[in-house]
Amino acid sequence: MRRLRTVIVLLFLQLLASFSAQGSPAPKSPWQTLDGSAPLVVARGGFSGMFPDSSLIAYNLALSLSVSNVVLWCDVQLTKDGVGICFPSLVLDNSSNINAASKANTYVVNGVPLSGHFTVDYTFKDLGNVNLTQGIFTRSERFDDIFPIMSVESVFSQTQTIPPGFWLNIEHDAFFSQHNLSMRSYVLGALKTVSISYISSPEVKFLQGMAKPFAATNTKLIFRFLDQDLDEPSTNQTYGSLLKNLTFIKTFASGILIPKTYIWPVNSINYLQPHSTIVTDAHKVGLQVFAADFANDNVFAYNYSYNPITEYLYFIDNDDFCVDGVLSDFPITPSEAIECYSHLGRNASGQANPLVISHNGASGDYPGCTDLAYTKAISDGANVIDCNVQMSKDGIAFCLSSIDLIASTEVVQTVYSTRAKTISELENNPGIFSFSLTWSEIQGLTPTISNPFTKFELYRNPSFKNAGKLVSLSEFLALAQNATSISGVLVKIENAFYLAEEQGLSVTDAVQNDLDKAGYSSKTAKKVLIQSSDSSVLEKFKGRGYELVYDVNGTISVILNSTVKDIKTFADSVLITKDSVLPTSDKFTTGVTNNIVPILQAFGLQVYVQLFQNEFVSQDWDFLSDPTMEINEFALAVGVNGVVTDFPQTAALYKKSRCLTMSIPPNFTNPVLPGGLFEIMNPILFPPVEAPAPVLTVADVSEPALSPAVEILVPAPAPAAPEGSSPKSRSSGHSLVISHAIFLWLAMVAGCLLVL
């Protein structure tokens, strides 16, 4: 009887659980896609941002370094004998090593004459000896002439795994029809051996003809919108006008593929405008929306601060909409955005390391060392903000990237341009130096934003290139003291010897006085880091409870144990360059490991690395034009303690990645293998072997003690002439009266012995 009651109770509980499950609503998806699933990543030509478009290596890399359901994109062209190939263009010239002397033709394509070597003039066998090349000339050519042109069927069957999704883009059906080639027949035939997930085309007529054959399949037809002013060939309407009739598109397609600027338009100076309603409008009529033209090395709206992850988040993680997929040349980056950084929330916490140290504040967004740059660095999540200390003529310590005011202000456009001089101890070129102007004069200068990559036509936040005001060290310390989110300040001191001996200015005393006045001597104050490439400067601050950071000025390849022991006597941390950690040749990591970081850490020294920037040209090719991948390499693989960056927001966001806390993180978050690209590279195109960087020895880090500032005595002005006297009488005698003491001092400085 007891056993029967137990069975009844168990059945009752099971029934209750069943009713409870049926009555509970399904958890709401965080994604605002049409079906509530995460947006798709579509890899255009595979990983075409790194390797030749539509090459086997590009497709395999996309499968390895993307979300698990990545869709491979193939631009289908037809050969003379009707074979479908994956190739980015009708003409072979830009993306293959086709012989330029053979079979060049001119055809009319969409009403425009186009010249080149067309796929329709070659059989597939003719193309057997033609290899793929990188079609975008700002990308590396070192993987050219290795990989053959592949048929659609070969791409599907020869990749390392069967593609989770396969997308055929049919761009020129009308052109192929003019050459007696049927794209419709080819696609229907390919369906027998290839699983096709999506078919897109900018031609209405082609998709209408495909709607019936694919009605009973899982293949989705996608209408591709081109520039709004262009005419769609079969309707003679512009794509802009077709955009206003989405219900018509729905009659033959299940989704649309649109340029990203359809969604987030930009103005004439490349700043974002309010987003359109195209995504929500399309979703209302049951159309999926895929956004195109994403590439890490493409032009960005300045709002994204050159961080491609930020751009993707604008399209997939906002309060108003989410696209159903993105078409990208660098599929690793949208994969990161979707799985690691979406829906984090504003209060998401991050891991402790690496420490995020600003470089002149958020100098990638505002003029460095201004109030705006520091405020932005704080709001971006920097752990430590920095002040590169300079001295004014009247002894005020202030923050500026260089002792030469020309580098970061518009001083040459002011009356102070006459104060330019050449000081070989500081720099070879003429400069207008901070100690030539008073602080009051410096405060009136207009700051300028740093633009380190103008030769690549990459500019930073031009609308705010002169925004903000320069701040004194005391103002900087007060700002930091009131910022609850940061843990410390870094004060950088250089040129202390010159300032003391030649200008009579003690920068170390000025720094210490300002720190004391701002309350940084208190145990409850924020952490203070003092940085210098001069060991004698750091010696001056020993015993005060500060973290002393030795700046290894320049790239090194080896550091001796004896050198590290010597550094340990005057520093707690070391700042080194990225190339000192990962040596490179022509922007490719070589695979040589210097082990400098573990050696320094073994002696108990913290290791900080500089300089991290978002612009893709600042990163080695190995990091796939993704600044987050670069940070990940130094944080995970190398284990540095901190990164110094122009863009603190990027590093702070990295630390919040949910993928860092996963027990089994995605493949695309693994560090890269330094030197790995050499294994794929065309040996003929290997970059040149570069000489190793120098060894850091004890002699390199030892400096004489810093002497006190020499008092510079300025001659007193001549007494005022009696009222009514002529200008000539005021300067009569043409002589300058110098006191006996000053004359002796000048004689000693000159190294002369004067007998008076």
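To start, this report covers the structure provided alongside it. Computed from a prediction, not measured in an experiment: that's the story for all the values here. Along each chain, residue indices are assigned from 1 in the same order as the chain's sequence is written. Note on the predicted model: pLDDT of at least 70 is required for a residue's local features to be given, and 80 or more for side-chain atom pairs to be given and counted; whole-chain, interface and lining totals, by contrast, use all residues. Here the side-chain values reflect all heavy atoms present in the structure, with hydrogen atoms and water set aside.

### With respect to the pattern of salt bridges
The condition is simple: Any Lys or Arg side-chain nitrogen located within 4 Å of an Asp or Glu carboxyl oxygen qualifies as a salt bridge. In DSSP terms, a helix is any run of H or I states spanning at least four residues, a strand is any run of E spanning at least two, and both are numbered starting from the N terminus. A simple rule labels every residue: compare its accessible area, found with a 1.4 Å probe on the protein chains alone, to the largest value its type can have, and call it buried under 20%, exposed over 50%, or partly exposed in between.
Under the counting rule described, the total for this entry stands at 16 salt bridges. A salt bridge links D586 to R142, with the nearest nitrogen and oxygen atoms 2.3 Å apart. Residue D586 is found in the loop between β21 (584–585) and β22 (588–589), and its partner R142 is found in the loop between β5 (112–116) and β6 (150–151); the two are separated by 444 residues along the sequence. Overall, D586 belongs to the partly exposed group, its relative accessible area being 35%. Between E311 and K260 there is a salt bridge whose closest N-O contact spans 2.7 Å. Taken together, the residues span a long stretch of sequence, with E311 in helix α10 (residues 308–316) and K260 in the loop between β10 (255–259) and α9 (278–284) at a distance of 51 residues. By relative accessible area, which is 3% here, E311 ends up buried. Accessibility expressed as a relative area gives 11% for K260, which makes it buried. Each member of the salt-bridge network shares a partner with another, and the members are R44, D53, R139, D297 and D329.

### Let's talk about the state of the cysteines
Note the following rule: Cysteine sulfur atoms that come within 2.5 Å of each other are treated as a disulfide pair.
Applying the stated criterion across every chain yields a total of three disulfides. The side chain of C74 participates in a disulfide bridge whose partner is C86; the two sulfur atoms lie 2.0 Å from each other. On the S-S bond that ties C74 to C86, the torsion sits near -105 degrees, and the link is left-handed. Linking C74 in strand β2 (residues 71–78) with C86 in strand β3 (residues 84–86), this pair joins segments that are twelve residues apart in sequence. Residues C74 and C86 agree in their burial class; the two are buried. In this model C340 forms its disulfide with C659; the gap between the sulfur atoms is 2.0 Å.

### With respect to a nonpolar patch on the surface
To keep it simple, the criterion reads: In this scheme, patches are assembled from residues that exceed 30% relative accessible area and form no salt bridge. Like charges are connected within 9 Å, while nonpolar side chains (Val, Leu, Ile, Met, Phe, Trp, Tyr) are connected within 5 Å. Throughout, the Shrake-Rupley method with a 1.4 Å probe supplies accessible areas, and for residues the shown protein chains are the sole cover considered.
On the surface, V558, L560 and V695 cluster together into a nonpolar patch covering about 200 Å² of accessible area. Looking at the element boundaries, V558 is found in strand β19 (residues 558–559). When its relative accessible area of 36% is taken as the criterion, V558 is described as partly exposed.

### Examining the environment of P683
Relative to the elements of secondary structure, P683 occurs in the loop between α22 (648–655) and β25 (695–696). Owing to a relative accessible area of 61%, P683 belongs among the exposed residues under this scheme. It is 9.9 Å that separates the C-alpha atoms of P683 and I146, two residues lying 537 residues apart in sequence.

### Overview of the packing of aromatic side chains
Inclusion rule: Working definition: a ring pair exists when centres of Phe, Tyr or Trp rings (six-membered ring for Trp) sit within 6.5 Å. Plane angles under 30 degrees give stacked, over 60 give edge-to-face, the rest tilted. Criterion for a charge above a ring: Lys NZ or Arg CZ within 6 Å of the ring centre, and within 35 degrees of the ring normal.
Tallying each qualifying case throughout the model produces 36 aromatic pairs. Where W73 meets W167, the ring centres are 5.5 Å apart and the plane angle is 35 degrees; that geometry is what we call tilted. Note that W73 is positioned in strand β2 and W167 in strand β7 (residues 165–169), a separation of 94 residues in sequence. Residue classification places W73 among the buried residues on the basis of a relative accessible area of 1%. Measuring from centroid to centroid gives 6.2 Å for F588 and F678, while their planes differ by 70 degrees, and the two rings are edge-to-face. Of this pair, F588 sits in strand β22 while F678 sits in the loop between α22 and β25, placing them 90 residues apart in sequence. Residue F588 is classed as buried on the basis of its relative accessible area, which comes to 0%. An aromatic cluster is built from F51, F143, F588, W621, F678 and F686, whose rings are joined through pairwise contacts. The ring of F612 carries the charged tip of K578 above its face, separated from the ring centre by 5.3 Å.

### So, the packing of helix α14 (residues 473–481) against helix α16 (residues 507–517)
Note the following rule: With axes taken as lines fitted to C-alpha atoms, and helix axes fitted only over the stretch in contact, angles between N-to-C directions fall between 0 and 180 degrees. Put simply, a crossing is left-handed when the front helix is turned counterclockwise from the back one by less than a right angle, and right-handed when it is turned clockwise. Contacts: residue pairs with any heavy atoms within 4.5 Å of one another. Polar here means any residue other than Ala, Val, Leu, Ile, Met, Phe, Trp, Tyr, Cys and Pro, which are nonpolar, and Asp, Glu, Lys and Arg, which are charged; Gly is therefore polar.
Relative to each other, α14 and α16 sit at 35 degrees, their axes nearing to 9 Å. Seen along the crossing, α14 lies across α16 with a hand that is right-handed. Residues L473, S474 and L477 of α14 lie in contact with α16, whose contacting residues are V511, D514 and L515. Residues of the contact of α14 with α16, tallied by class, amount to four nonpolar, one polar and one charged.

Purely spatial values, then, with no claim about function.
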